[in-house]
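Inside the fold
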Protein chains: 4
Amino acid sequence: MESQVLERKSSTIMSKTLIKKARLITASDDTRADLLIDGEKIAAIGMDIDARTADVVIDATDKLLLPGGIDNHTHLDMPFGGTVSSDDFFTGHRAALFGGTTSHVDFCIQPKGHTLRRSLEMWRAKADGKAAMDYGFHVAITDLTDAVMEEIRDLPSMGVTSIKLFMAYKGALQVDDTTLFKCMRVAKESGVLTMVHAENGDAIDILIKDALAAGHTTPDWHERTRPPELEAEATNRAIALARAAGDAPLFIVHVTNEEALNAISRARARGQRTYGETCVQYFYFTRNNLNGSRNDPFEGAKWVCSPPFREHNDQVALLRGIRLGDLMIVSTDHCPFNYKTQKILGAESFAAIPNGVPGIEDRLVMLWNAAVLTGHISPSKFVELTATNPAKMFGLYPRKGTLSVGSDADIVIWDPVVRHTVSAATSHMNIDYNLYEGMQVTGKAEKVFLRGSLVVDGTSWQGTRGGGRFMARASALLA
Amino acid sequence: MESQVLERKSSTIMSKTLIKKARLITASDDTRADLLIDGEKIAAIGMDIDARTADVVIDATDKLLLPGGIDNHTHLDMPFGGTVSSDDFFTGHRAALFGGTTSHVDFCIQPKGHTLRRSLEMWRAKADGKAAMDYGFHVAITDLTDAVMEEIRDLPSMGVTSIKLFMAYKGALQVDDTTLFKCMRVAKESGVLTMVHAENGDAIDILIKDALAAGHTTPDWHERTRPPELEAEATNRAIALARAAGDAPLFIVHVTNEEALNAISRARARGQRTYGETCVQYFYFTRNNLNGSRNDPFEGAKWVCSPPFREHNDQVALLRGIRLGDLMIVSTDHCPFNYKTQKILGAESFAAIPNGVPGIEDRLVMLWNAAVLTGHISPSKFVELTATNPAKMFGLYPRKGTLSVGSDADIVIWDPVVRHTVSAATSHMNIDYNLYEGMQVTGKAEKVFLRGSLVVDGTSWQGTRGGGRFMARASALLA
Amino acid sequence: MESQVLERKSSTIMSKTLIKKARLITASDDTRADLLIDGEKIAAIGMDIDARTADVVIDATDKLLLPGGIDNHTHLDMPFGGTVSSDDFFTGHRAALFGGTTSHVDFCIQPKGHTLRRSLEMWRAKADGKAAMDYGFHVAITDLTDAVMEEIRDLPSMGVTSIKLFMAYKGALQVDDTTLFKCMRVAKESGVLTMVHAENGDAIDILIKDALAAGHTTPDWHERTRPPELEAEATNRAIALARAAGDAPLFIVHVTNEEALNAISRARARGQRTYGETCVQYFYFTRNNLNGSRNDPFEGAKWVCSPPFREHNDQVALLRGIRLGDLMIVSTDHCPFNYKTQKILGAESFAAIPNGVPGIEDRLVMLWNAAVLTGHISPSKFVELTATNPAKMFGLYPRKGTLSVGSDADIVIWDPVVRHTVSAATSHMNIDYNLYEGMQVTGKAEKVFLRGSLVVDGTSWQGTRGGGRFMARASALLA
Amino acid sequence: MESQVLERKSSTIMSKTLIKKARLITASDDTRADLLIDGEKIAAIGMDIDARTADVVIDATDKLLLPGGIDNHTHLDMPFGGTVSSDDFFTGHRAALFGGTTSHVDFCIQPKGHTLRRSLEMWRAKADGKAAMDYGFHVAITDLTDAVMEEIRDLPSMGVTSIKLFMAYKGALQVDDTTLFKCMRVAKESGVLTMVHAENGDAIDILIKDALAAGHTTPDWHERTRPPELEAEATNRAIALARAAGDAPLFIVHVTNEEALNAISRARARGQRTYGETCVQYFYFTRNNLNGSRNDPFEGAKWVCSPPFREHNDQVALLRGIRLGDLMIVSTDHCPFNYKTQKILGAESFAAIPNGVPGIEDRLVMLWNAAVLTGHISPSKFVELTATNPAKMFGLYPRKGTLSVGSDADIVIWDPVVRHTVSAATSHMNIDYNLYEGMQVTGKAEKVFLRGSLVVDGTSWQGTRGGGRFMARASALLA
């Protein structure tokens, strides 16, 4: 049974929504209460709030109330590998909202030769007029000049408190250790968090060239040329550099394997400010998926992303990582490319397959099924991984990421029992396939509020193109 | 400046108290809001709750609001070593409340030959008419018959969901592996949590006898005869037995050293349901304290407890343990014996010194100073360690342990800046010394509410002898 | 081609044998040289020893010369489980010699109530007149009285420098921690090495009783009731007790699994005098073997030994253990029981199956195939594991265990290329089955010398019933 | 009492030397025997070799016979930091021989733009006519062209089976990961061992520049700008690259700290062909030595080498490393610079201090004192670390590195009890200071034989300038 709108007083300005009898989930608490939204904010949580104070009253008995998800790792409208990721800031946002994610932080990639300020303007322009949910940006440094070094110090004044460095993609995004180390030091001084894509690009570059020279062109070679030890190596290297930089805070994105995770765990055990993220798809797929199907061997291209999918024991390790906290966030690295028109660019060479997979819409339900329903984590831990920790780490807390009085009313009414089948046909992402096609899952975002406004109601889109706002972010809460 | 009572409408039945503008700390959140107490419960949390709804209004600007502390490891009115611990269920409770702890779970020790039911009656009788805060009991099994095995299954119906086994104190409380293993298995089936005091009592017994035979009688020999490897060993053994029992949930009390902690970390990394506790005093003292002072070599007796104090590197490890979650609770093992009249029983032999130290009143402030003010943990983590996790682990959540609507209004208004000096002279525990005598500390419980009633107001006792209630506990929340 | 006896001068007293052109393998060296045996000793090793100095000259081109194997873990003529192991001190010795093992240390089990001296007399009587190779004894303590404690101090004077304690077999051989700890301390003071069978017998006893009560009687339940964590636990416990005993030297026999090995590795990394042994069969079999065959489900009984066979990952760990040295010896725990007449005692209950497997004859060839031919270890490491380390650890070095001038001429001429099939039909052990039945292997002891006398020549038995000698052993070389 | 030359038959051609009654130490054995040298080789080892067969007979009762030391890490006549290391191939050799080292492998550094062949010619020319002991070369690759890649394949034909890559010394010797990875792969295919100097040169370069910019010029800043985590990082990186190269054999030189060692231990535990070396000085000194003395703060320059000296706990870890085998060789990295005339170049800037310390003469005695006399290792282990393992790893076994029949008669008669004081005044190295100045030590090389010739006899030099030979080396023995 869906949550019921019991009454609706006014159709004009919906200023106050009262959600009654829900099970409120925060990163620490799991209790039943009423929640009152006043305008854009959560105004009150009470044992029995008088319905007369609200314009709309929703009975949420048997439903969960979750803070809206925050996806801090996405690539919308992203030029990469000779094409552009297929979701823009409207289609991607709409899909995210259907999935229960109400804000995200995307990567602004500095084009070589550009200032960071100019780069940010370019990326903000992509979102302007399209955004349907709230958004922020990390800046990926690709061309570090002295002037850019100084600009890093100014990033917080532009609402940007995190930079990203790529240790892979040689000849394109990759930076060397000198750049990485310099950035870490200035970032630390400036209240900016350093994020790294950790793979050893030098070795990968040689492995790819050799594989192609040997005539290996199929998608599975994408994985064979990016072995896990090269991810673990770069992870360990970034950690050591951050330590030598005086414990610069370090965020390792999309951790995929046990050994990389172990490097993070060692750092954290000695007290270093190191934080790990994984993506929901890594709980589901392995290198075997890169082999494609019998009918279509190239189908493995759908699963081409970096770092690639690993093995079963790595999935076990990732579950341990989120359970114990060494992996504190589960994001998506959403970077969709259509199979028939974009992935196909790599038909002759795995190295030409656009790198990236879709998932911004699927994150909550797939993590719920992989980790909560299997008993590995509690609903509170789920909220921590998908909303509270992203908010704290990326300077959005307490505005976002929790169900607290005074916070933005970004709220998901979650139906914990509904069963359905994941499919591209019913997804809202602008892409011709879904990684999880055909999987039977339980749980769904039933109603989604963005700053107090109902933007998704079951299968009905109620959101607004252009209704999303840029979020100027504070520095990370690291304690 | 103290939090101000702005108005008080009625002196008769104080049904509603409104605390305004405080910084509310839960295990995950740290936000500013108003909190309304209605009767015994937290009724509402809101952005700006109308003061007219309340009988008493308190301005808590610049104060923190914490859930009342829960101390799940205490020994009040406990016969041990030929004497009785010096705090009873009134003096201990009053002291706890002054320190910001509003409920506890004490150990009912099964006298040999008695049923568990009878044992519980004995212990409840100790509390009857005296209790000033809420209390529950674990049962320590010392004499496992078939009948007692069956009784373990019935414990939840008596409101008791945790048992304790001692792997040390040979000839007194110690049980063998057969008993431990049997208890774990029946406990697991019955929704009962197994707790262990982990030290190898067989080896300790020999070490003590030999030390005495060699003429070593001073308090430092207490520590020398209980080396850390024997604690680590028993910890590892209990974990292995719990695993062989089909992953019986296991709670290791008072972890003192790195190696014991490592055993717990290994278990948790592989997914075993193993949980660790340490006590606040272990962050402060080392084996050196057992040496006493130049004027009074016997003074080391004040620090005689089991397991004993260790070394500096162990303190570093314990901080790591609470930071990363392998140690989830910080309790006290409060078991006070007066120095001049009780500890003195061991003047001729360290083995005759009553084992135990005081601390029920000091826990919050000392942990605040050791871990929060030093930057190791956040205020939220502090709440998790002292209230939320104890509540979840011992079946009191969400009634206790958090600041959630619907929960008992067990609340501490915490002054985070006041500086003062710890001293037996200003403490309320019924004992002639204080472990932390003379230490300068920051932070203090300013006002303390038990189920909505103000029981401590600064230095003023407002509580009620007999006002505490027995808490029937549910099974642990383990996810 | 077999090594050729080139000339033989005298058929009466064969005082000097010269082996020419062999590849001599010691634990560190692998070189070509001639070796001269004079009487019972290795008299010289030279580049080209004059054949005229010898009575017999053997051309060993293309052969390896190995020191005779030492098996420090055997149970000949051993009463256990209501029957007696099927090899006595003649049949077992003859089989060992055929396999290239020229001496062993067996376990004298103290019958309860007996002195150690009397126990040793009983065991020496078993060997008297039968022994065909050299032998020594460990003493297994089962009944520790004060008098027995004193006897431990005298063991070296009886030529015994190692004691064994069982942490399993409750109600039979098992000792408690008090006994174990006391023994370790007195052993350390007396130059005696403590060996332990490490499994938690208390928990196993309950698991067995429960399994039987539930109607589980098949051989696979032997393994299910002895899970690896209970071996790892006891291993860790013994290590902790040895540490608390002031770093008493500790030898852990028959390590079977990764976690137990890890406990040993941790101890060794911190410098504790801890030494591990595994048995060759653990490289070959897993718990699956306990399931028996389709035709004969009870056949799993052939693989019933304690600790039981584990999993593939444990075999990988054991290979790591011998490669890195944490496992320093590979023995057999040879304790044979005929399938049809002895193992059958457990047809109705796995708990009644005599515990033990044969292997004294198969050790060298099976380890050669599992570890040398697979590239995990070198021939020198093979010699170290099978001869040199046993000799050093059990006080036989340099008399035994190496190819050094002055040492006993216990020598194996090893054919490294001959291929053959292992079978009970061609084995010499007094038992009706072979664990490795039907396996194709490479390598074989071609000629075997015991103190200079050729005792095995291909398939021909040249040894002497009663020709073996008791070896009084010195203390272990531990550095 | 010195070993006595009992008789000497001929003063012309001393073809046969018999050493009687010595305690022969090999990596596995420790036995008493006579040893006969015939020409350049060890001809026989026997129980009682007839003195009439020898030209010279030496009574070595109470002495040890060790294989001559092999130092595989030296820099003689090495241009570095604007100067040249102060020992050439004669002075360095003479000093080495006095210390008991009879052969070494030096580093030929490829000058940029040169072929490897030409580089080797340059380095061989340095030794020609000077060498007094046997020598070989590693080649350090500094400029990897395609032609050089091909040359690596030819190195074994030039008698060179090991290459060295520097991950530090930015702008000078440092190579990037692409170069390192390519070299590892071709080396693996060619039977060539890859050696690395593991420090992250990029980060160190920045730290140095910043320190100097901040006015920090004293020698202690040498260590402050090369923190241990940057050595551990590079160690881990080299291991990962070697693994991605298909398990290319990897030799990590001069390991100084626990964390770097742990990276090696992890690799070895999973079976990777990774080998570690440390240098004897790292057992003796810490970062404190870089502070110099009160009278001469610059004196710390004497201890300037890379990687720098660390802390006490690292020394404990290094002892663990040699004990357990993860560090398999103890060398010197002998690279002497006179204090008054060369180290002084860095008076104004620590970065200008020539990097390197002397030690080729001191290695054996200092390791004997640090590790054997302290009980950490046995004399056999000492031989393994200083001779046998270097010989096996660098393709000199069994010609060198052991006391085996047929091996070169490179032999040290070691006096294990003589006490003396280390001093530059009595040293033979061409340098004005000694790291160990004034230390009281026990043990000394009394007589040293190189290929059968007595080259050092107490304090008397009997060797020959030009008498050393180039050693063409085989591939490493890795099993």
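Rules behind the numbers
- Residues numbered from 1 in each chain as written.
- Chains lettered and ligands numbered in written order.
- Predicted model: local features only at pLDDT ≥ 70, side-chain atom pairs only at ≥ 80, totals over all residues.
- Heavy atoms only, no water.
- Phe/Tyr/Trp six-rings, centres within 6.5 Å; stacked < 30°, edge-to-face > 60°.
- Helix = DSSP H or I, 4+ residues; strand = E, 2+ residues; numbered from the N terminus.
- Buried < 20%, exposed > 50% of the residue type's maximum accessible area, 1.4 Å probe, protein only.
- Lys NZ or Arg CZ within 6 Å of the ring centre and 35° of its normal.
- Contact = heavy atoms within 4.5 Å.
- Buried area = accessible area lost by both parts, 1.4 Å probe.
- Salt bridge = Lys/Arg side-chain N within 4 Å of Asp/Glu carboxyl O.
- Polar contact = N/O pair within 3.5 Å; in protein donor to acceptor, adjacent residues only side chain to side chain.
- Nonpolar A, V, L, I, M, F, W, Y, C, P; charged D, E, K, R; others polar.
- Pairing = 2+ DSSP bridges.
- Axes fitted to C-alpha atoms, helices over the stretch in contact; angles between N-to-C directions.
- Arc of directions from axis to C-beta.
- Least-squares fit on C-alpha atoms with pLDDT ≥ 70 in both.
- Domains from an automatic or database assignment.
- Parallel < 35°, antiparallel > 145°, perpendicular 65-115°, else oblique.
- Left-handed = near helix turned anticlockwise from the far one by under 90°.

Summed over the entire model, instances satisfying the criterion amount to 84 aromatic pairs over all chains. Ring centres of Trp368(B) and Phe382(B) lie 5.0 Å apart, and the angle between their planes is 85°; on these two criteria the pair is classed as edge-to-face. Placement of the pair is Trp368(B) in helix H10 (residues 363–372) and Phe382(B) in helix H11 (residues 379–393), with a sequence separation of 14 residues. Like Trp368(B), the residue Phe382(B) is buried in the burial classification. Ring centres 5.8 Å apart and planes at 65° place the aromatic pair Tyr135(D) and Phe137(D) in the edge-to-face group. Considered together, Tyr135(D) and Phe137(D) belong to a single accessibility category, that of buried residues. Site record: aromatic cluster; members linked through ring pairs are Tyr282(A), Tyr284(A), Phe285(A), Trp303(A), Phe309(A) and Tyr436(A). The ring of Tyr339(C) has Lys302(C) sitting right over it, with the charged end atom 4.9 Å from the ring centre.

Every contact between the two is made by 31 residues of chain B and, on the other side, 31 residues of chain A. Of the roughly 2,200 Å² buried where chain B meets chain A, counting both sides, 54% is carbon and sulfur surface. When residues of chain B are sorted by the area they lose upon contact with chain A, Ser28(B), Met47(B) and Val405(B) head the list and together hold 23% of the total. Taken together, the links from chain B to chain A amount to zero salt bridges. Counting across the interface, chain B meets chain A through 14 residue pairs in polar contact (both at pLDDT 80 or more). Looking at the side of chain B that touches chain A, the elements with two or more residues in it are strand E3 (30–38), strand E4 (41–46), helix H8 (258–269) and helix H9 (312–324) of chain B. Of the residues forming the side of chain B that touches chain A, the biggest block, six residues, is contributed by E4(B). Broken down by class, the residue content of the side of chain B that touches chain A amounts to 13 nonpolar, nine polar and nine charged.

For the rest of this paragraph, the subject is the interface of chain D and chain A. Counting residues at the interface gives 26 residues for chain D, matched by 26 residues for chain A. Summed over both partners, the interface of chain D with chain A comes to about 2,200 Å²; 54% of that surface belongs to carbon and sulfur atoms. Taken together, chain D and chain A are joined by eight salt bridges. Glu259(A) serves as the salt-bridge partner of Arg243(D), at 2.8 Å between the closest nitrogen and oxygen. Our count for the chain D to chain A interface comes out at ten residue pairs in polar contact (both at pLDDT 80 or more). The element best represented in the side of chain D that touches chain A is helix H7 (residues 228–244) of chain D, accounting for nine residues. Each residue belonging to the side of chain D that touches chain A can be placed in one class, and the counts come to nine nonpolar, three polar and 14 charged.

Either a parallel or an antiparallel arrangement is found when strands of a sheet pair, and the pairing is made through backbone hydrogen bonds. Residues and elements named next belong to chain A. Taken together, eight strands build an open sheet; the order of strands is E7-E10-E11-E12-E13-E14-E15-E16 and the sheet is parallel. Of all the strands in the sheet, the pair left with one neighbour each is strand E7 (69–74) and strand E16 (327–331). Each adjacent strand pair in this sheet contributes to an overall mean axis angle of 30°, direction not counted. Of the strands in this sheet, strand E10 (101–109) and strand E11 (134–140) touch helix H2 (residues 116–127), which is tilted by about 140° from E10.

Before going further, it helps to examine the arrangement of the chains. Nowhere do chain A and chain C come into contact; their C-alpha atoms are at least 13 Å apart. One finds no contact linking chain B with chain D; the least C-alpha distance across the pair is 13 Å.

All names here are of chain A. Every buried residue of helix H3 (residues 146–154) is accounted for by Val148, Met149, Glu151 and Ile152. All buried residues of H3 lie within an arc of 160° about the axis, which places them on one face of the element. Residues of H3 that are exposed and point more than 90 degrees away from the buried face comprise Asp146 and Ala147. At its buried positions, H3 is contacted by H2, strand E12 (162–166) and helix H4 (177–189).

Before going further, it helps to spend a moment on the relation of the copies chain B and chain A. Of the two same-sequence chains, chain B is brought onto chain A (RMSD 0.0 Å, axial shift 0.0 Å) by a rotation of 180°. The symmetry that links the two subunits is that of a two-fold axis. Of the interface residues in chain B, 100% have counterparts in chain A that sit at the interface too, so the contact is made through matching surfaces.

Bringing the pattern of salt bridges into the picture now. All names here are of chain D. Enumeration over the complete set of coordinates arrives at 148 salt bridges over all chains. In this structure, Glu40 engages Arg451 in a salt bridge whose closest nitrogen and oxygen atoms are separated by 3.2 Å. Of this pair, Glu40 sits in the loop between strand E3 (30–38) and strand E4 (41–46) while Arg451 sits in the loop between strand E18 (440–450) and strand E19 (453–457), placing them 411 residues apart in sequence. Look at Glu40 and you get partly exposed, because its relative accessible area is 29%. Residue class for Arg451 comes out buried when judged on its relative accessible area of 8%. One salt bridge in this structure joins Arg224 and Asp220, with 3.1 Å as the shortest N-O distance. Taken together, the residues Arg224 and Asp220, both in helix H6 (residues 220–224) and four residues apart, mark about one turn of the helix. A relative accessible area of 46% places Arg224 in the partly exposed class.

All names here are of chain A. Here chain A is described as being made up of domain 1 (4–66 + 405–461) and domain 2 (68–393). The C-alpha-based centres of domain 1 and domain 2 are spaced at 29 Å. Across the contact, 43 residues belong to domain 1 and 47 residues belong to domain 2. Interface of domain 1 and domain 2: buried area, both sides summed, is about 3,500 Å²; carbon and sulfur atoms make up 66% of it. Taken together, domain 1 and domain 2 are joined by one salt bridge.

Once that is clear, we can look at the packing of helix H10 (residues 363–372) of chain C against helix H11 (residues 379–393) of chain C. Between two packed helices, the angle of one axis relative to the other and the distance separating the axes together describe the packing. Residue and element names in this part refer to chain C. Contact geometry for H10 and H11: axes closest at 11 Å, N-to-C directions at 140°. For the element pair H10 / H11, the angle class is oblique. The hand of the H10/H11 crossing is right-handed. Note on element contacts: H11 touches H10 through Pro379, Phe382, Leu385 and Thr386, opposite Arg363, Leu364, Leu367, Trp368 and Val372. Classifying every residue of the contact of H10 with H11 by side-chain character gives seven nonpolar, one polar and one charged.

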